[in-house]
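Results of the structural survey
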Amino acid sequence: MLEKHQLEYREKIRAFALEKIEPVARTLDDDQRFLNEHIKPMTDIGLLSMLIPEKYGGQPIDTVCYSIAVEEISRVCGSSGITVAAHNSLGCYPVLRFGTDAQKEKYLTRAAQGELMAFGLSEADAGSDAGGTRTVALKKDDHWLVNGSKCWITSATKAFATVATTKTTEDPNDREITAFIFDKDWDGYSVGKKENKMGLRGSDTAFLHFDDMKAPLENQLAEIGQGFKVAMITLDGGRVSIGAMALGLAQGALDCAVKYAATRKQFGKPIASNQMIQKKLADMATEIQAARLMIYEASQMKDAKIQFSKQSAMCKLFASEVATRAAATAIGVLGAVGYRTGDYPAERIWRDVKLCEIGEGTSEIQRLVISRELVKELGDKI
Ligand SMILES: Cc1cc2nc3c(=O)[nH]c(=O)nc-3n(C[C@H](O)[C@H](O)[C@H](O)COP(=O)(O)OP(=O)(O)OC[C@H]3O[C@@H](n4cnc5c(N)ncnc54)[C@H](O)[C@@H]3O)c2cc1C
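Positions within a chain are numbered from 1, following the residues in the order the chain's sequence is written. In view of the model being predicted, local features appear only for residues whose pLDDT reaches at least 70, and side-chain atom pairs are presented and counted only at 80 or more, with totals across whole chains, interfaces and linings using the full set of residues.

1. Notes on the overall build of the protein
Where helices and strands are cited, they refer to DSSP runs of H or I of at least four residues and of E of at least two residues respectively, numbered from the N terminus. In terms of helices and strands, the protein carries eleven helices and ten strands. Each radius of gyration is computed over the set of C-alpha atoms, and the globule rule expresses the reference value as 2.2 Å times the number of residues to the power 0.38. Against the globule reference of 21 Å for 382 residues, the protein gives a C-alpha radius of gyration of 21 Å, in line with a compact fold. The dimensions of the protein, computed from C-alpha atoms along their principal axes, are 80 × 55 × 40 Å. Taking all 382 residues of the protein together, the buried fraction comes to 51%. Contact between two residues is assigned whenever their backbone-derived C-beta positions fall within 7 Å. A fraction of 73% describes how many contacts in the protein between residues 6 or more apart in sequence connect residues 24 or more apart. Backbone-placed C-beta atoms define the burial measure: a residue is buried with 20 or more other C-beta atoms within 10 Å of its own, exposed with 12 or fewer, and partly exposed in between.

Next up, the structure:
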């Protein structure tokens, strides 16, 4: 059961999403256009500072509310959902959790004012095996010298700063990885061409290149050698937000299917009166509610500071697969018009949702995480 403030928050964000974002969701996708005009209203309503303390200008909320926000935005527009989720969970959170006071003051204050942050973990040869990073930062007298590239970076074209992992050793056999915050306006920092994606086309995704880039020593985030841990802890929270994004997309698919089934007539009656259609809608709704409860549970565990790696991987895995099924089922319920681009959101959702089974660890990797946690829980009982 949601608490009163959470229900009220849901109403507020739902109204915002319907008024501001739903009307342009289709054109963002059609034109591969970033949601520039949404940044100011999103900032004002607090969507870009949900995890940032008030002293840095944020509008902090609990993690259940955060998941609700990502769900409600994604319910009408996946591209906007991933932009919000990546900024908060992947850009801001590691600074909040591991940053010095000076780093928080410098970066979170700007982030709360609506300047986006990004997260650079993936590389061309280090995807699922994120510890295989080849980007390297070597300590010189008064700076780090950084060389390498990060790929698939959400909001790379827009972000004023990126939290990124690099090796901090030249030894090819040593996986010493350290986290940093890199600023877009430094010499040697450049953004690659925007990716042409099948879905989430209103979200900018691109390479980041670091070419003899000098990073000040104070931009190291957490201890040397702790970068992989920083990334994994960041992903624990991020996966809940990808779960919430999948949930919103699934709910959007259900909304579309129910509305259509109730109004589309064949054989002289609404198709919703056929038991086979009813089964599809009922199964979608039931799975979606189960995913929602898993996301709420993981969110509550995060706030209660209970280890939630397993629950976070489970809710992302389950919600993503539920959402993929929901999108395909919705297209089936709509028939031919579900297959046509534009009229109904089902096909856009179907294209958008696939990312949820890939980003922040594929479904295979979530299963590895879950099974690893299960064995860990067994501990010394074996
Ligand atoms: C739209 C989008 C946005 C993204 N945003 C970001 C971002 O902001 N920051 C960032 O750092 N990254 C981002 N990513 C990258 C994303 O996190 C990676 O794509 C993901 O981790 C998978 O890596 P990969 O694509 O290299 O796949 P690979 O690792 O090459 O995997 C390919 C296939 O092999 C499987 N596989 C790999 N290893 C195993 C194994 N041990 N056991 C079983 N199966 C395995 C995978 O599950 C997958 O099916 C984004 C990606 C996309 C598409």
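2. Comments concerning the site of the ligand
A residue counts as near a molecule or strand when its C-beta atom, positioned from the backbone, falls within 6 Å of it. In the vicinity of the ligand lie 23 residues, with Gly127, Ser128, Trp152, Thr362 and Glu364 positioned nearest. Every element with two or more residues in the shell around the ligand is listed here: helix H4 (78–98), strand S1 (117–120), strand S3 (143–154) and helix H11 (363–378). Among the residues making up the shell around the ligand, the classes are represented as eleven nonpolar, nine polar and three charged. Those domain boundaries reflect an automatic or database domain assignment. Structurally, the shell around the ligand is a two-domain feature, drawing no fewer than three residues from each of domain 2 (118–225) and domain 3 (228–377). Lys, Arg, Asp and Glu make up the charged group, whereas Ala, Val, Leu, Ile, Met, Phe, Trp, Tyr, Cys and Pro make up the nonpolar group; the residues left over, Gly among them, are polar.

3. A look at the packing of H4 against helix H5 (residues 101–112)
The axes are straight lines fitted to the C-alpha atoms, using for helices just the contacting stretch, and the angles between their N-to-C directions are given from 0 to 180°. One way to put it is that H4 packs onto H5 with a least axis distance of 10 Å and a crossing angle of 155°. Between H4 and H5, the interaxial angle falls into the category roughly antiparallel. For H4 against H5, the interelement crossing comes out left-handed. Residue-level inspection shows Gly91, Cys92, Val95 and Leu96 of H4 in contact with H5, the latter providing Gln103, Lys104, Tyr107, Leu108 and Ala111. Here the residues of the contact of H4 with H5 are counted per class, giving six nonpolar, two polar and one charged. Oblique is the label for any angle not under 35 degrees, not over 145, and not in the 65 to 115 range, which are roughly parallel, roughly antiparallel and roughly perpendicular in turn. Each crossing gets its handedness from the near helix: less than a right angle anticlockwise from the far helix is left-handed, clockwise is right-handed.

4. Re the nonpolar core
The term nonpolar core means buried Ala, Val, Leu, Ile, Met, Phe, Trp, Tyr and Cys residues held together as one set by C-beta atoms within 7 Å. Of all hydrophobic cores here, the largest spans 115 residues; its most connected members are Ala250, Ala253, Ala323, Ala327 and Ala330. Here this core gets 17 residues from one element, more than from any other, and that element is helix H6 (residues 227–263).

5. Some points on the environment of Met284
Summarising the element assignment, Met284 is placed in helix H7 (residues 275–303). Separated by 30 residues in the primary sequence, Met284 and Leu254 place their C-alpha atoms 6.8 Å from one another. If we skip the residues at most four places from it in the chain, Met284 touches Leu254, Ala257, Ala326 and Thr329.

6. Concerning the pairing of strand S7 (residues 205–216)
Direction of pairing for S3 relative to S7: antiparallel, over a ladder of nine bridges. When the sheet's bridge partners are listed, His143 is paired in S7 with Pro216. Two strands pair when backbone bridges link them, and strand S6 (residues 189–194) and S7 are joined in this way by four bridges, in the antiparallel orientation. Within S7, the residue paired with Val191 across the bridge is Leu208. When DSSP finds two or more bridges between two strands, those strands count as paired.

7. Some remarks on the packing of helix H3 (residues 63–76) against H6
At a minimum axis distance of 7 Å, the contact between H3 and H6 shows a crossing angle of 40°. In terms of their interaxial angle, H3 and H6 are classed as oblique. Judged by the twist between their axes, the crossing of H3 over H6 is right-handed. For the pair H3 and H6, contact is made by Ser67, Val70, Glu71, Glu72, Ile73, Ser74, Arg75 and Val76 and by Val240, Ser241, Ala244, Met245, Leu247, Gly248, Leu249, Gln251 and Gly252, respectively. Broken down by class, the residue content of the contact of H3 with H6 amounts to eight nonpolar, six polar and three charged.

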